[in-house]
Amino acid sequence: MFKKAVEAKSHQRLSGADRKKLRRSIKDKFQRASDSDLDALLPPKAEITVSKFQNRVHVYSVEGGFPMFFDVDGRGSDIFPTVYALWMVPELLPVFVLKGGEVSRFVIGGADLMFPGITVPPEGLPSFVAGEPWAVKVPGNPAPIAVGSTTMSSAEALKAGLRGKALRITHYYRDLLWESAEGRHVPNAGFFEDVVYEDPSLLPASHDSDLTEVAGGETSNDQQKNLKGDGAEESQDVNELQPDSTSTLTAPNDNEDDTAAEVTEGVSDLKLTDTATASDPNDQHTLSTADIDSLLDKCLLQALHTTVKDKDLPMPGSTLWSNHVLPCRPSGITLDIKKSSYKKLSKWLQAKSTSGWISVKEDKHKKEVMLFSVNRNHADYSSFKPEKRRVEKSEQPSVQSANEIHSSKTLEVVEIYKPSVHVNSIFSSVGADTGKLFSASEATEIVFKYVEKENLVKPTNKSIVILDAILCDALFKGAIKKGTTYPTEIHKKDLGSTFVSRMQPHHVVTRGNESVVRKGALKTIQLLTERRQGNKKVTKLSGMETFLIDAEALASELQKKFACSTTVAELPGKKGQEVLVQGGVIDDLARHLIEQYGVPKRYIEVLDKTKR
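In this text the structure is predicted, and so the values were computed from the model without any measurement.

(A) Region of interest: the overall build of the protein chain. Of regular secondary structure, the protein chain possesses 20 helices and 24 strands. Burial analysis of the protein chain (612 residues in total) assigns 44% to the buried set. Taken as a whole, the protein chain presents about 31,700 Å² of accessible surface, with 49% of it coming from carbon and sulfur.

Encoded structure:
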């Protein structure tokens, strides 16, 4: 599942309700887990984020990037712990113990586990059902190396003579999911140690010794003799452990053999340490509140300089935090907003808005603070020198290939604004072109240039702007009821958003190489499910042209996906087309638009008339 690089399409911080829901799902799924185990895996005060991938997999991480669980289909019904989670709580899943290290080399290469490679205990094969999550261990080591789901029940396995596929591997040691967190600061690091690699030459490289059991990187002569004398039965067992057609172990070359041998040695050296005696010598020093406040400011400035682009604004505060601020923190440092003097993300962003760094406003519908603009002329912003982050070359090809694959479906929506008669005087005063289109941040810079030019900042309070006649008319003329007194001053944090609201909204929609500029606010996609004759359901979709989606191509795609008939018709009395899908697939259709076409969820309106 994690053999090939797949680009994450979003990273979100879980809300309190979603955290509780995730915890309940894990508690129901893994009956062996105690409350203390869940607290170790999902610390109550730690930040939990979910990364959503194009293949529908959801990865749940702790402290902004450390993976603990992953959901195969994104619906909460097929959740697995990662190898990291199993290192912390090894008893979370029942385990299959391999016959030897020679089997582990196939498992950590991505192959599914076959029954001949499993050690059957003296009391007999344990009981299990099909689709049940199990872990995989090597002999003599408590650290699991893989996790997967059973392909058949224990009764069916005994009936088949313990032949065939036992476990469909979903995640294993040193796959892309494991490597995504390698080298980061690990919460509760005392639970396990890093992998120790010994000299690869200790593992014989000849074809005869490929079946030699690896135990701490050393092989005894007796073991070699026993393995060579086992005859056809042992050879047949290992031959059954062949990867499927998609595995990277098929027809390996010499370099791949060496790599697999080296990794196999690493697996045999995995150790778990006692939680009572383990200690991390590299554990970070406790930061004071002032240090955390200073680090927050530094990370924000670093993000504003490097990753926050004006075209991405407005941006939810949670997205700013998880996708931009957290990745800018120093390596090995855990950044917790609750340990700062602000205590909450919204208060911190409001404080930075008061300082004039950014412009934010609370979205009353989403109950979340939104970042509207960045003041790139602020003295603190100009004086800050961003650090150059080292980019690992090994990741560049995979990211580039992923971008090429999804370039035709990548959607970019930018809200832009044109000066109206209300604000033309402000643009003319600073020499800006009134016929040009501006982003929200660019328009905010224009009004702040005017404030600076006319010296309208209140001397006794730098966060207040005094309104002269021109600026007052631009912001409030026609918007104030008759008989109401016009304001004489405005707070800096409200100036940018108020100024932008007086401009004419436009939007730019870009998909691949195609780009369209339209006047007005962005229209949403309408999804409607209703009943027709014979109590049959039909789902209607309209407005897809706004996001450069071809109706005919979409209808053909949905016909194959949902195995139902689809038709395309003209909207009665309106411009545009409507796609009709037979069946009540409104939720799946909305999810398909989000995952496959990148349409933001806020631009999809759903109405199910079949529910009472």
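(B) A look at the pattern of salt bridges. The tally for this structure, following the rule as stated, stands at eleven salt bridges. Salt-bridge contacts for Arg376 lead to Asp310; the nearest nitrogen and oxygen are separated by 3.0 Å. Of this pair, Arg376 sits in the loop between strand S13 (368-374) and helix H13 (379-383) while Asp310 sits in the loop between helix H10 (289-306) and strand S11 (315-316), and the two are 66 residues apart along the sequence. Judged by relative accessible area, which is 22%, Asp310 ranks as partly exposed. Its salt-bridge partner being Lys458, residue Glu489 comes within 3.4 Å of it at the nearest N-O pair. Residue Glu489 is found in strand S17 (residues 489-491), and its partner Lys458 is found in the loop between helix H16 (440-454) and strand S16 (464-466); the two are separated by 31 residues along the sequence. Taken together, the shared-partner salt bridges in this structure form one network comprising Arg75, Asp588 and Arg591.

(C) Spatial organisation of the sheet that holds strand S3 (residues 58-62). Spatial ordering of the open sheet is given by S1-S2-S3-S4-S5, a layout of five strands whose pairing is antiparallel. At either margin of the open sheet sits one strand with a lone partner, and together these are strand S1 (8-13) and strand S5 (79-81). On average, adjacent strands in this sheet sit at an angle of 25 degrees to one another, irrespective of strand direction. As defined by bridge partners, S1 adjoins strand S2 (residues 48-53) across five bridges and the pair is classed as antiparallel. The residue of S2 that forms the bridge with His11 is Ser51.

(D) How the structure looks around the environment of His592. In this structure, His592 sits in helix H20 (residues 586-597). Taking relative accessible area as the criterion, His592 reaches 5% and is therefore assigned buried. Residues His592 and Leu558, spaced 34 residues apart in sequence, show a C-alpha to C-alpha distance of 9.1 Å.

(E) A look at the packing of helix H11 (residues 317-325) against helix H12 (residues 345-354). Look at H11 against H12: their axes get within 10 Å of each other, and the N-to-C directions meet at 90 degrees. As the angle between them shows, H11 and H12 are arranged roughly perpendicular. Between H11 and H12, the residues in contact are Gly317, Ser318, Leu320, Trp321 and Val325 and Leu345, Trp348 and Leu349, respectively. Considered class by class, the residues forming the contact of H11 with H12 number six nonpolar, two polar and no charged.

(F) Fine view of the packing of aromatic side chains. Across all of its chains, the model carries 14 aromatic pairs by this definition. Centre to centre, the rings of Phe70 and Phe80 are 5.6 Å apart; their planes meet at 20 degrees, and the pair counts as stacked. Residue Phe70 is found in strand S4 (residues 66-71), and its partner Phe80 is found in strand S5; the two are separated by ten residues along the sequence. With respect to class, Phe70 is no different from Phe80; both count as buried. Judged by centre distance (6.4 Å) and plane angle (75 degrees), the ring pair of Trp87 and Trp178 falls under edge-to-face. Of this pair, Trp87 sits in helix H3 (residues 83-88) while Trp178 sits in helix H6 (residues 176-179), placing them 91 residues apart in sequence. Residue classification places Trp178 among the buried residues on the basis of a relative accessible area of 5%. Following the ring pairs from residue to residue traces out a cluster consisting of Tyr84, Trp87, Tyr173 and Trp178.

So, how was this worked out
Residues numbered from 1 in each chain as written. Predicted model: local features only at pLDDT ≥ 70, side-chain atom pairs only at ≥ 80, totals over all residues. Heavy atoms only, no water. Helix = DSSP H or I, 4+ residues; strand = E, 2+ residues; numbered from the N terminus. Buried < 20%, exposed > 50% of the residue type's maximum accessible area, 1.4 Å probe, protein only. Areas by Shrake-Rupley, 256 points an atom, 1.4 Å probe, with all protein chains shown as cover. Salt bridge = Lys/Arg side-chain N within 4 Å of Asp/Glu carboxyl O. Pairing = 2+ DSSP bridges. Axes fitted to C-alpha atoms, helices over the stretch in contact; angles between N-to-C directions. Parallel < 35°, antiparallel > 145°, perpendicular 65-115°, else oblique. Contact = heavy atoms within 4.5 Å. Nonpolar A, V, L, I, M, F, W, Y, C, P; charged D, E, K, R; others polar. Phe/Tyr/Trp six-rings, centres within 6.5 Å; stacked < 30°, edge-to-face > 60°.

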